[in-house]
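Structural features, examined
As a plain string of letters, each chain reads:
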Amino acid sequence: MFRRILIANRGEIACRIIRTCREMNLISAAVYSDADNKAVHVKMADEAYYIGTSRVEESYGSINAVLQAAKDSGADAIHPGYGFLSENGDFAKRCEEEGIHFIGPASHTMLQMGNKITARRMMEEAGVPIIPGMNQSAENVEAAVKFALQIGFPVMLKAAAGGGGIGMQRVDNEVQLREAFAGNQKRAASFFGNGTMYLEKYIDKPRHVEIQVLADQFGHAIHLGERDCSVQRRNQKVLEESPSPFISRETREKMCQSALHAVQKIGYQNAGTIEFLVDENQNFYFLEMNTRLQVEHPVTEEITGIDLVREQIRIAEGRPLTLRQNEVTFQNHALEARIYAEDPQTFFPSPGTITKLDLPQAAHIRHEIGVEEGTAVTPFYDPMLAKIIVTSIDRSTSIEHLKNALTNYRIDGIKTNLPMLLNVLEHDEFQEGRADTGFVTNYLISKN
C-alpha cells in the first residue's frame, strides 16, 4: 500500500487530491513553481517541493523536474490530476521505469488513446460508433481538401494529439479549410509537440455527453453514469451536469454499455471517460477517451456518493474495485460551474490579485477552489480558479440553487466569468434542456 503520494499539479485539483490523501492517511507531497510558492495547495500539503520557474515547460510540464521531486520526497506514487502531464504517455512510462506508481492507466494505453486517430480505429474495432472521418493523418492540406470533398462540408479539422479545443476548428468550405490547416497544425505542434491533423464530419447541433468508467486489474469495470458537458466556449466546457436533460433512458443505457465494452476491449485500468457527441436524433458517436480524472468529476461523485480519487488510488495500489455495477446507485441532480479569471464577454484571461473572496455556503453547495484572498492570478497557467457544484432533488431546483449561489459569489480584484454563467442559467434554451455545444456562441456571444 502507498504511504506518500506526490501530486504533480496545482490549484484546485491539487487541493482536491490532498483532501482524499488525508482521509486515507496518506502523506501528500505538493510541487510548486516560482509563481506558486505561496499557493493554497502548497500550504495544504504535508510537504512541498520546488520544481522550477513559472514557465510550464520548466516546472509542471517538466518530466525530469517532477520525477526528481518524487525521488526527493520518497513518494510511492504520483497523481497527475488533469492537464500538464496527466495524459502524457511518455511521463507514465518514465514513472514505470523509475519504479514509481502512476495513478492512472498503463503508459501504452495512454499513448494509444492520446492519439485520436489511433483511438478512433480502436473504438471502431471495439464496435463503438465513430463519427465518419479519417482513420489516418492528413499528410498535408491537399490530402485534407481531397477527403473533405469526398465526405462533404462542413467538417471538423482536428489535432490528433489535441485536447481542450486546441487545434480544432469547424470549416464550411475548401477556402476555409486551406486557410485553417496550417495555423491549427502549428498551434497543435506548439501545444502538444505533434502537429498531426485529421478530419471528421461535422455533427450539427450536437450534445457533448460523456460516460465515467472505473476498471481494475482483475477485469472488473463499472460505469458511473453520464455527464452532459454541452455548454462550452471556445470548445471548452464551462458548465456540466448529471443526469443529462437530453438523452433518453434507452440512449443512456446504450452509451454506458458501449463505454464499458470499449474499456474491457482495450484492457483499460483506472478511471477514464469515454466522450460522445449525440445528434438531434440521439445517435451517439465516439469523440475521444480521456485517460485521467476529469475537471467535472465532482458531478459524478455527488450523484453516486463515490470518491473517484480514492478509487483511483486503490486501483493503482493493485486493489479491486470497491463495488460492482449493481451496487452503483444514482440520486438527485448535480450541476457544476467553472469559475474562470477571464473577461465574461471576450473570454480573454484576466490576471491580477484577488482582493476579496466570499463563497456562498449551504448544505447543497460544494466548493473546489485553489485560491484565497491575496492570491496572485498569473498569466502562466489555465485561468480556472475554482468550481462550484450544487446538488438537489431535480434539475430545476439545482438550477435555482446555482443561480442563487453565483449571485452571492464574490471575487474582487480580477474579472471573472460569473456574469456569463448567470446568463447561461437564466436562458430559456438552457433551462429547457435544449442547449447544444453551439449554445454560448449562438445565444450569448451573438447577442453582445
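Placed above this text is the structure.
Residues numbered from 1 in each chain as written. Predicted model: local features only at pLDDT ≥ 70, side-chain atom pairs only at ≥ 80, totals over all residues. Heavy atoms only, no water.

**Focus: the packing of aromatic side chains**
- Tallying each qualifying case throughout the model produces nine aromatic pairs.
- Plain terms: the ring middles of phenylalanine 91 and phenylalanine 102 are 5.9 Å apart, the flat faces sit at 85° to each other, and that makes the pair edge-to-face. Taken together, the residues span a long stretch of sequence, with phenylalanine 91 in helix H4 (residues 89-98) and phenylalanine 102 in strand E5 (residues 101-102) at a distance of eleven residues.
- Looking at phenylalanine 102, the relative accessible area reads 10%, which means it is buried.
- The rings of Tyr60, Phe84, Phe380 and Tyr381 are connected pair by pair, giving a single aromatic cluster.
- Across the ring face of tyrosine 202, the terminal group of arginine 170 is positioned such that the distance to the ring centre comes to 4.2 Å.
- The ring of tyrosine 340 carries the charged tip of arginine 233 above its face, separated from the ring centre by 4.3 Å. (Phe/Tyr/Trp six-rings, centres within 6.5 Å; stacked < 30°, edge-to-face > 60°. Helix = DSSP H or I, 4+ residues; strand = E, 2+ residues; numbered from the N terminus. Buried < 20%, exposed > 50% of the residue type's maximum accessible area, 1.4 Å probe, protein only. Lys NZ or Arg CZ within 6 Å of the ring centre and 35° of its normal.)

**Topic: the sheet that holds strand E11 (residues 236-242)**
- Spatial ordering of the open sheet is given by E13-E12-E9-E10-E11-E14-E19-E17, a layout of eight strands whose pairing is antiparallel. Only two strands of the sheet have a single neighbouring strand rather than two, namely strand E13 (284-290) and strand E17 (365-369). Strand-to-strand twist across the sheet, computed as the mean angle between neighbouring axes with direction ignored, equals 25°.
- The pairing of E17 with strand E19 (residues 384-392) spans five bridges and is antiparallel. Bridge pairing links histidine 367 to isoleucine 388 in E19. (Pairing = 2+ DSSP bridges. Axes fitted to C-alpha atoms, helices over the stretch in contact; angles between N-to-C directions.)

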